[in-house]
Amino acid sequence: MSGKLAFRNVRRSIRDYAVYFITLTFGVCLFYVFSALDGQSVMQFLAKNNNPNVEAIFVLVGVFSAFVAVVLAGLILYANQFLMKRRKRELGTYALLGMPTGRVARLLVMETLFIGLAALLSGIALGILGSWALDKLTVAMFLATPGDIFTFSISWAAAGKTALYFGVIFLLVMAFTGVSVSRARLIDLIRSGRTNEEVAQRPLALSVALFLLGVVSLGTAYAILLSRGLLRIDLLWFIMLGLGTLGTFLIFRSLSGFLLRMTKGHAGYYKGLNMFVLRQWSGKVHTNCASNTVISILLLLAMGVTACSVGLNDTITATVGGQTPYDLTVLNYGREGEYEEADIPALFQAAGLDTQACFASVESVTVYYNDETVTGWPEAGVYAAIGLSRYNELMEARKLPLLTEDALPRRTPDAIVNGPAADGIVVVPDAMLSQLRPRRQMVNINYAGNVSQVDDLVRMSLDEAEDFPAGLDIMMNYKLDNYYDLMGAKILVLYMGLYLGLVFLLAAAAVLALQQLSQAADNAARYELLGKLGAPEGMRRKALVSQVALAFLLPLALGVIHTFVGMRAANEIIYSVGHVDSVHASLLTAVFLLVIYGGYFLCTCLGAWRAVKGGKSA
């Protein structure tokens, strides 16, 4: 009997559970997607090529998954608390009709079980689809990969891990639900929703003082962050965090009385239902200032982590092209330490490779010993020199900026070969080369056709050739080797940033949505009274949307300011690695924000209006 009643209640209250169910489903989906990384074809490919970042990715995913599970557990318990508050009168009615308290608790436990099972199954199903999409996206990020790399499979281990973690979370929720209901008094259940928060009328001067104190606290925290950087962790770093949190709290604490008192007497205050909206919002000041502080910090973490990971990801991508401009560089160190130029394409041809079909371009570069008495450039950190005309020929072929003789000598601003050999080369006037000794031959090769296939043919020919070096000391520097090493770092940064960013954004949006839905249910009688007083439905709907928008936009505004300052500090770290495309990072972060945060806002507006229209006078 209890099972049928629980199932009927869930089916009847599906709209009330919509935000709760969506949050659970997305949480399960995210957890599965990132727990299933070890089964992705790209990760298996990188592991097979002994990429050093693969193990780090798996270790960090395990650590972050435990952290994410704690965050989601807190979020689910928080959501369950709001649902319990909304249904107290219904539960009180059951008790008033003679249902024992234990049976009421058992009823709620069964409802939680039904919702949890449905969310777990739908979340894993959605997670499988998301894992497939992420695998496809990761494959698309590669410049060149084997054609058969994409072999997607369902990770049953990830599904089991997800079921275990969320099973424990749901058990905690069910235990919390049972205990809270069994301890509740009938009078508290019946009278729920009738008690309102006391609105303390503070003097305007006090509100302004708290606001200014909050601004000073935030300004001090920002100054410490920008002057000392993000990674210098000491006592002052924790003081900075404390000041930032305190400043955020004080701004929200003062804003209700500050905003309400400042708008009184203004023409817009009496327009439509603005007075009602502002008083409704300020009536939850003690609850909202604490939760809005948490939400602003969550939004800071969500936007900051996502933008930084995308920005650093772009930097790593640019590094691939900067450090490895050619498909292959052959370094010829000569014979027994003495310079000797060789016909590298002929050596490949002798090894059985069809160079006419495989090589699109071959450029031989000779670098010379750097002699400080000739070039005027200190030898420390500079091992070789190249003539101006040869350097400009290489740059012109790649459509890069050229150098002029009046700017010489100068270190090469752009790499002339692949890998570390490109560092420590100085460009000198051609006339100086006659006074310098040749040091090394470097041959840059670009492939014709599919890079991965040609690269495999080159390696195969070298493996099968017995005398390819012909007595020379030759080393290969493949673009794909450098690229796959950097791709591991790229995936590590991107995956971890997206994982944490999406979880923090989901938590912030869900907390706000549940909070507003609960308040809308509490305010149903007030909106019904507005209708009786003559306020048309359109005006009441607009007032409700304004109230929800105010709740969503204020934490977002302060979160965006926090993120802007935080990104300024983070960019100093990223710039030390390379150029960061802040526009691209900001746009992608804005898309995630619009889809998730904006989606929750729309769902909240719809759910709140349903709660208001369905409300009855208390």
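Above this text is the structure in question.
Residues numbered from 1 in each chain as written. Predicted model: local features only at pLDDT ≥ 70, side-chain atom pairs only at ≥ 80, totals over all residues. Heavy atoms only, no water.

### Observations concerning unusual backbone geometry
Glycine aside, residues mostly have negative phi angles, and peptide bonds mostly take the trans form.
Right, on to step 1. Put simply, Leu 408 and Pro 409 share a cis peptide bond, and its omega is -5 degrees.
Right, on to step 2. In this fold, Pro 409 is placed in the loop between α16 (388–397) and β4 (410–411). (Helix = DSSP H or I, 4+ residues; strand = E, 2+ residues; numbered from the N terminus.)

### Notes on the sheet that holds strand β3 (residues 384–387)
Right, on to step 1. One open sheet holds the seven strands; their spatial order is β4-β5-β3-β2-β6-β1-β7, and the pairing between them is mixed. The open sheet terminates on both sides in strands that have one partner only, identified here as β4 and β7 (474–478).
Right, on to step 2. Note: strand β1 (residues 328–332) against β7, five bridges, orientation antiparallel. Counterpart to Leu 328 in the pairing with β7 is Tyr 478. (Pairing = 2+ DSSP bridges.)

### Here's the deal with the nonpolar core
Right, on to step 1. By size, the foremost hydrophobic cluster in this structure holds 93 residues, and its most contacted members are Phe 166, Leu 299, Tyr 597 and Tyr 600.
Right, on to step 2. With 27 residues, the top contributor of residues to this core is helix α18 (residues 479–522). (Core = buried A, V, L, I, M, F, W, Y, C linked by side-chain atoms within 4.5 Å. Buried < 20%, exposed > 50% of the residue type's maximum accessible area, 1.4 Å probe, protein only.)

### Some thoughts on the pattern of salt bridges
Right, on to step 1. Following the criterion strictly, the structure yields five salt bridges and no others.
Right, on to step 2. Of the charged contacts in the structure, one is a salt bridge between Arg 390 and Glu 393, with a shortest N-O distance of 2.8 Å. Note that Arg 390 and Glu 393 are positioned in helix α16 at a spacing of three residues, about one turn of the helix.
Right, on to step 3. Residue classification places Arg 390 among the partly exposed residues on the basis of a relative accessible area of 24%.
Right, on to step 4. Of the charged contacts, one joins Asp 481 and Arg 459 as a salt bridge, the two residues approaching to 2.8 Å between their closest N and O atoms. Of this pair, Asp 481 sits in helix α18 while Arg 459 sits in helix α17 (residues 451–464), placing them 22 residues apart in sequence. (Salt bridge = Lys/Arg side-chain N within 4 Å of Asp/Glu carboxyl O.)

### Observations concerning the packing of aromatic side chains
Right, on to step 1. Per the counting criterion, the structure on display carries ten aromatic pairs.
Right, on to step 2. Ring plane angle 20 degrees and centroid distance 6.4 Å describe the contact between Phe 359 and Tyr 447, whose orientation is recorded as stacked. Pair noted here: Phe 359 is in strand β2 (residues 359–369) and Tyr 447 is in strand β6 (residues 438–447), with a separation of 88 residues, a long-range link.
Right, on to step 3. Since its relative accessible area comes to 8%, Phe 359 is described here as buried.
Right, on to step 4. Exposure remark for Tyr 447: the relative accessible area of 6% places this residue in the buried category.
Right, on to step 5. Through successive ring pairs, a cluster of aromatic residues spans Phe 31, Tyr 165, Phe 166 and Phe 170.
Right, on to step 6. The cationic tip of Arg 437 hangs over the ring face of Tyr 369; the distance from NZ or CZ to the ring centre is 4.4 Å. (Phe/Tyr/Trp six-rings, centres within 6.5 Å; stacked < 30°, edge-to-face > 60°. Lys NZ or Arg CZ within 6 Å of the ring centre and 35° of its normal.)

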